[in-house]
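The lines below spell out each chain.
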Amino acid sequence: MISEPTRMPLPRTFFDRPVLEVAPDLLGRTLVRSTPEGTIELRLTEVEAYDGENDPGSHAYRGRTERNASMFGPPGHAYVYFIYGMWFSLNLVCGPNGYASGVLLRAGEVLSGTEQVAARRPKSRRPSELAQGPARLATGLAIDRQLNGTDVCAGPDAPLSVLEGTPAAPDLVRSGPRTGVGGDGATHPWRFWIDGDPTVSPYRAHVPRKRRTRAA
């Protein structure tokens, strides 16, 4: 018998742990996005961990900047950034205050608010594609820089919150290299997903950008 997802919000202590503990434990949890058009709920199925100054793949590897300041805490807040001049991505900050680590939310299953998400993602061919990948997730949930620093533990009236949901069964949790990460962080097996779930995005290795050469 499958139990109903638990509606209790995750406490701040959940996020105040090492990122490699928090990341897989987020699988199966319910992300709630409150918008003027209504509420969207998403079951998290794929995430990636980033471990600050210990991680060459992290935005905080070289220290604090205006862009990554939210990553330095406190835990249980959102870190939203713009990438490639095109998309936003949503991360949940974890670990002790002052230490920059976070979990990128890569994919999920839309549980409610499907019509609202589909209106923002009109090119999706099937429901499993609505939030399949971090850019699609952020677009479908109307995530932008205005939500950077949002306290996801502030309660039901907050624009973002995370409920206990139904944690993924440990035997279904898989891990592997993070998508699109190059350099010294390319092989870290810090991407976590629920095995066999159709919303999980396909893995893509990092492809270095070609530099333009000037004509002599």
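Residues numbered from 1 in each chain as written. Predicted model: local features only at pLDDT ≥ 70, side-chain atom pairs only at ≥ 80, totals over all residues. Heavy atoms only, no water.

Caption draft 1: Representation of the nonpolar core within the structure. Among the nonpolar cores identified, the biggest contains 37 residues, and Phe-15, Leu-26, Leu-31, Val-103 and Leu-105 are the most heavily contacted of them. Here the element with the most residues in this core is strand β3 (residues 38–50); it accounts for 5 residues. If near-sequence neighbours (up to four positions away) are discounted, Leu-105 is found in contact with Leu-26, Leu-31, Leu-44, Glu-46, Val-47, Leu-90, Leu-92, Pro-134 and Leu-137. Counting residues in hydrophobic clusters, the runner-up holds 10 residues, among them Tyr-50, Ala-60, Tyr-81 and Val-181. (Core = buried A, V, L, I, M, F, W, Y, C linked by side-chain atoms within 4.5 Å. Buried < 20%, exposed > 50% of the residue type's maximum accessible area, 1.4 Å probe, protein only. Helix = DSSP H or I, 4+ residues; strand = E, 2+ residues; numbered from the N terminus. Contact = heavy atoms within 4.5 Å.)

Caption draft 2: Local environment of unusual backbone geometry. Cis geometry marks the peptide bond from Gly-73 to Pro-74; its omega dihedral reads 5°. Within the fold, Pro-74 resides in the loop between β3 and β4 (78–83). The phi angle at Ala-142 is positive, at roughly 55°, despite the residue not being glycine. Of note, Ala-142 is situated in the loop between α4 (134–140) and β7 (160–165). Classification of Ala-142 as partly exposed rests on a relative accessible area of 23%.

Caption draft 3: Representation of the pattern of salt bridges. The tally for this structure, following the rule as stated, stands at 14 salt bridges. Here Arg-29 and Asp-25 are joined by a salt bridge, their closest N and O atoms 2.8 Å apart. Accessibility expressed as a relative area gives 8% for Arg-29, which makes it buried. On the accessibility criterion, Asp-25 (25% relative accessible area) is partly exposed. Residue Arg-120 is joined to Glu-37 by a salt bridge in which the shortest nitrogen-to-oxygen separation is 3.4 Å. Taken together, the residues Arg-120 in helix α3 (residues 114–120) and Glu-37 in the loop between β2 (30–35) and β3 connect sequence positions 83 residues apart. Its relative accessible area of 24% is what places Arg-120 among the partly exposed residues. Residues participating in the shared-partner salt-bridge network are Glu-46, Glu-48, Arg-106 and Arg-191. (Salt bridge = Lys/Arg side-chain N within 4 Å of Asp/Glu carboxyl O.)

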